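Here are the chains, one letter per residue:
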Amino acid sequence: MIWETRFGSITLFAIEDGWFHVQPTEWFPESDPSIWRTHADYLTTDGRLRLSMGCFLLAGPDHWVLVDSGRGGPPLATNESGTGQLPAALRTLSVDPADVRTVIHTHLHIDHFGGNLTLDRQLVFPNAQFYVHRRELDYWTTGPQRATSGVSEQLAPIIDAGRLQLVDRDTEVVSGITMVETQGHTPGHMSVAAMSEGQRTFITGDVTHHPLQAEYPEWNSVLDVKPSTAAATRHRVFDSLTSDTLLAAGHYPRPGLGHVTEDDTRRHFTPIAAAARTQT
Ligand SMILES: [Zn+2]
């Protein structure tokens, strides 16, 4: 599925490449089961969380920018799990992958960059530059993570083609679209801040996996590599969001677009009603 909204002169498409299910208190070990019971609307009938694997396509007047490329792999779409839906979504939008010149990776977990390669290891986006934090690449391709991460193998065709662009600080990669350091989930994790005609969108990456973390930013996910840093970053990001900033979060319930607002007692995430398109 695809959802779309607009800020300034940019159309933002939220594309679901896939999805998976987790037990909420296993995914968020610090979360209290009683809190989930009071938010049963987030849970499936058997008490699990459905986590989306979302990508965001920014369509500006003269550019396409893709933030994360999903899990990729053989297309699969069942109630239980899905993957590899991004190429069909692009076809539905009449976007030729060859026209996508900029692909930003928030980090190098496979559900955020696995969609870069076809099944026969060709580049899905043959003309793109791929942006990653230098520390992120180093973490997954050297030291103890190297053997099991698979990052070196997955990135090899991109590196061999000379398409990997490493950044080591906040970096504006396209006019108005800036990669912002938000480490903790992974050592070189980055979010994306996009500004158009005075309107701001913040694409979180995995700073947050669920809307309840707006109220409970101390909840780390089980995959947060440096939990204390991840929690500090999450606090900082939520504190920095103005109520008119559009938040875009890939693992949130679809479309993963909304605003964070605060009342006297708590901060909460309110989804927007984005227009949905059925994939063809
Ligand atoms: Zn993720």
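The structure reproduced in this document is the subject of the present report. Fair warning: this is a prediction, and the values are worked out from it, not measured in the lab.

Topic: the sheet that holds strand β10 (residues 171-174)
Reasoning step 1: Overall, mixed pairing links the seven strands, which are arranged β10-β11-β12-β13-β14-β15-β16 in an open sheet. Sheet topology places β10 and β16 (267-271) at the edges, where each strand pairs with a single neighbour. Pairwise comparison of adjacent strand axes, ignoring direction, gives a mean angle of 30° for this sheet.
Reasoning step 2: As judged from the three bridges shared by strand β13 (residues 199-203) and strand β14 (residues 246-248), these two strands associate in the parallel manner. Each residue of the ladder has a partner; that of F202, found in β14, is L247.
Reasoning step 3: Packed on one face of the sheet, helix α8 (residues 227-240) meets β11 (177-181), β13, β14, β15 (257-262) and β16 and runs near 65° to β16.

A few points about the coordination of the zinc ion
Reasoning step 1: Taken together, the protein donors to the zinc ion comprise D111 (OD), H112 (NE2), D206 (OD) and H251 (NE2), at separations of 2.0 to 2.6 Å.
Reasoning step 2: Of the residues examined, H112 reaches a relative accessible area of 4% and is grouped as buried.
Reasoning step 3: The buried category is assigned to H251, whose relative accessible area is 2%.

Concerning the nonpolar core
Reasoning step 1: Judged by nonpolar contacts, the single largest core of 29 residues is most densely connected at I15, L57, L66, L108, F125 and L155.
Reasoning step 2: Going through the elements one at a time, β2 (10-22), β3 (49-59), α3 (86-92), β8 (129-133), α5 (134-141) and α7 (151-160) are the ones with two or more residues in this core.
Reasoning step 3: Excluding its chain neighbours within four sequence positions, the residues that come into contact with F125 are L66, S69, L86, L90, P97, V100, V103, G115, N116 and F130.
Reasoning step 4: By size, the runner-up hydrophobic cluster in this structure holds 24 residues, among which are W3, Y131, I177 and L257.

A short note on the pairing of β13
Reasoning step 1: Strand direction decides the pairing type here: strand β12 (residues 190-196) and β13, joined by five bridges, are antiparallel. Within β13, the position partnered with A193 by the bridge is F202.
Reasoning step 2: Between β12 and the antiparallel strand that follows it, β13, lie two residues; E197 among them carries a positive phi value of about 50°.
Reasoning step 3: Of the crossover connections in this fold, the one passing from β13 over α8 to the parallel β14 is right-handed.

Describing the side chain of T83
Reasoning step 1: Considering the arrangement of structural elements, one finds T83 in strand β6 (residues 82-83).
Reasoning step 2: Looking at T83, the relative accessible area reads 11%, which means it is buried.
Reasoning step 3: Those residues in contact with T83 that sit more than four places away from it in its chain are D17, G18, M53, R71, G72, P74, P75 and L76.

Notes on the side chain of H210
Reasoning step 1: In this fold, H210 is placed in the loop between β13 and α8.
Reasoning step 2: Accessibility expressed as a relative area gives 2% for H210, which makes it buried.
Reasoning step 3: In this structure the side chain of H210 is engaged in a polar contact, spanning 3.0 Å, whose partner is the backbone nitrogen of L212.
Reasoning step 4: Not counting residues within four places of it along the chain, the set of residues in contact with H210 comprises F28, W36, Y42, L49 and Y252.

Overview of α7
Reasoning step 1: Buried within α7 we find V151, Q154, L155, P157 and I158. Each buried residue of α7 sits inside an arc of 145° when the element is viewed along its axis, so together they form one side.
Reasoning step 2: For α7, the elements touching its buried residues are α4 (110-113), β8, α5, α6 (146-149) and β9 (164-167).

Here we look at the pairing of strand β4 (residues 64-67)
On a regular strand, each side chain points to the face opposite its neighbour's, so the side chains alternate between the two faces of the sheet.
Reasoning step 1: Of the strand pairs in this sheet, β3 and β4 are connected by four bridges, and their pairing is antiparallel. Looking across to β4, one finds that F56 is bridged to V67.
Reasoning step 2: Between β3 and β4, which pair antiparallel in sequence order, lie four residues.
Reasoning step 3: Direction of pairing for β4 relative to strand β7 (residues 102-104): parallel, over a ladder of three bridges. Bridge pairing in β7 places V67 opposite I104.

Topic: the packing of aromatic side chains
Reasoning step 1: Enumeration over the complete set of coordinates arrives at seven aromatic pairs.
Reasoning step 2: Ring centres of Y216 and W219 lie 4.7 Å apart, and the angle between their planes is 5°; on these two criteria the pair is classed as stacked. W219 shares its class with Y216; the two are buried.
Reasoning step 3: Three or more aromatic residues joined by ring pairs make a cluster, and in this case those are F28, W36, Y216 and W219.

Regarding the pattern of salt bridges
Reasoning step 1: In total, this model carries 10 salt bridges according to the counting rule given.
Reasoning step 2: As a salt-bridge pair, R50 and E16 come within 2.9 Å of each other at their nearest N and O atoms. Of this pair, R50 sits in strand β3 while E16 sits in strand β2, and the two are 34 residues apart along the sequence.
Reasoning step 3: Residues R169 and D168 are paired through a salt bridge, measuring 3.4 Å at the closest nitrogen-oxygen approach.
Reasoning step 4: Take R169: its relative accessible area is 54%, and that puts it in the exposed class.
Reasoning step 5: We classify D168 as partly exposed; its relative accessible area is 38%.
Reasoning step 6: Connected through salt bridges with shared partners, the residues D46, R48 and E80 form a single ionic network.

Criteria and cut-off values
- Residues numbered from 1 in each chain as written.
- Predicted model: local features only at pLDDT ≥ 70, side-chain atom pairs only at ≥ 80, totals over all residues.
- Heavy atoms only, no water.
- Pairing = 2+ DSSP bridges.
- Helix = DSSP H or I, 4+ residues; strand = E, 2+ residues; numbered from the N terminus.
- Axes fitted to C-alpha atoms, helices over the stretch in contact; angles between N-to-C directions.
- Contact = heavy atoms within 4.5 Å.
- Donors = N, O, S within 2.8 Å, 3.2 Å for Na, K, Ca; no water.
- Buried < 20%, exposed > 50% of the residue type's maximum accessible area, 1.4 Å probe, protein only.
- Core = buried A, V, L, I, M, F, W, Y, C linked by side-chain atoms within 4.5 Å.
- Right-handed = clockwise from strand over helix to strand, strands pointing away.
- Polar contact = N/O pair within 3.5 Å; in protein donor to acceptor, adjacent residues only side chain to side chain.
- Arc of directions from axis to C-beta.
- Phe/Tyr/Trp six-rings, centres within 6.5 Å; stacked < 30°, edge-to-face > 60°.
- Salt bridge = Lys/Arg side-chain N within 4 Å of Asp/Glu carboxyl O.

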